Amino acid sequence: MVCGGFACSKNALCALNVVYMLVGLLLIGVAAWGTGLGLVSSIRIIGGVIAVGVFLLLIAVVGLVGAVNHHQVLLFFYMIILGLVFIFQFGISCSCLAINQNTQTDVINASWRVMSNKTQHELERSFDCCGLFNLTTLHQQDYAFCAASCRKWKTCQLCGEKFLKHSDEALKILGGVGLFFSFTEILGVWLAMRFRNQKDPRANPSAFL
């Protein structure tokens, strides 16, 4: 049988959803690991990562159950949800790749000011830096309460410079990975659509005679 029949489509769709399940579990595990080691204690960051992981896991479960049972309703909702996820993810991935350094600076400034002092001190310790950008009074206030170890023996580098470097790398990686996975979602929609329209030879063997 050529790869295009009922069994091949079913196996391909199952394999794709198993990959989605592993990615979802990986996101949840990484968030739990980061919390356990005290790397990040921000509830919003951890909650966001876990929410994405759980959402991806649920979509994968729906697709897997629909593929195994050839369930028309589940496969239909799976196609719709995965198509909507593709649209959002494709747009966000393109935005990540298009963000310039000036926009990143504005976002970092705005985010830093709404962070709690505890989160700011955690970031300063993690990146071994003090303050955000050299903005006179604000920088002096941040530097005075800086908890980084670099203050003991040298002048500390500005956190904003380190954040810009890491954010630029992170945005490129996130944009590239997101763009890649968005096309796998289109593959999932196509496989589900094709699989829904195929007849199960075990349920109706006479259809293939």
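Residues numbered from 1 in each chain as written. Predicted model: local features only at pLDDT ≥ 70, side-chain atom pairs only at ≥ 80, totals over all residues. Heavy atoms only, no water.

Looking only at helices and strands, the protein chain features seven helices and zero strands. Helices and strands in the protein chain line up, N terminus first, as α-α-α-α-α-α-α. Looking at the protein chain as a whole, 34% of its 209 residues are labelled buried. Considering only residue pairs separated by 6 or more positions, the protein chain has 71% of its internal contacts joining residues 24 or more positions apart. (Helix = DSSP H or I, 4+ residues; strand = E, 2+ residues; numbered from the N terminus. Buried < 20%, exposed > 50% of the residue type's maximum accessible area, 1.4 Å probe, protein only. Contact = heavy atoms within 4.5 Å.)

The subject of this paragraph is a nonpolar patch on the surface. Together, Phe55, Val73, Phe76, Phe77, Ile80, Ile81, Leu84, Ile87, Phe88 and Ile92 line one region of the surface with nonpolar side chains, adding up to about 990 Å² of accessible area. The biggest single contributor to the nonpolar patch is helix α3 (residues 72–98), with nine residues. Residue placement: Ile87 occurs in helix α3. (Patch = residues over 30% accessible without salt bridge, like charges linked within 9 Å, V, L, I, M, F, W, Y side chains within 5 Å. Areas by Shrake-Rupley, 256 points an atom, 1.4 Å probe, with all protein chains shown as cover. Salt bridge = Lys/Arg side-chain N within 4 Å of Asp/Glu carboxyl O.)

Backbone geometry places His70, a non-glycine residue, at a positive phi of 50°. Looking at where His70 falls in the secondary structure, it is placed in the loop between α2 (43–69) and α3.

A word on the UniProt feature "transmembrane region" (unreviewed entry) in the protein chain. Sites flagged by UniProt as "transmembrane region" (unreviewed entry) map to residues 12–33, 45–68, 75–100 and 173–193. As annotated, residues 75–100 has a helix share of 92% and a strand share of 0%, and its two end C-alpha atoms lie 40 Å apart. (UniProt positions renumbered as here; feature names shortened; annotations may be inferred.)

What follows covers the environment of Asn69. Residue position: Asn69 is located in helix α2. Assessed through its relative accessible area of 52%, Asn69 is described here as exposed. Expressed as a C-alpha distance, the spacing of Asn69 and Lys10, which sit 59 residues apart in the sequence, is 9.6 Å.

Our focus in this paragraph is the environment of Ala98. Within the secondary structure layout, Ala98 lies in helix α3. The spacing of Ala98 and Lys172 is 74 residues in sequence and 9.0 Å in space, taken between C-alpha atoms.

Turning next to helix α5 (residues 117–127). When α5 is considered as a whole, its buried residues turn out to be Thr119, Gln120, Glu122 and Glu124. Looking one or two places after α5, you find Asp128, whose phi comes out positive at around 55°.

Right, let's get into the side chain of Ser182. Secondary-structure assignment places Ser182 in helix α7 (residues 159–196). Residue classification places Ser182 among the buried residues on the basis of a relative accessible area of 0%. With sequence-adjacent residues up to four places away left out, Ser182 is seen in contact with Phe86, Gln89 and Phe90.

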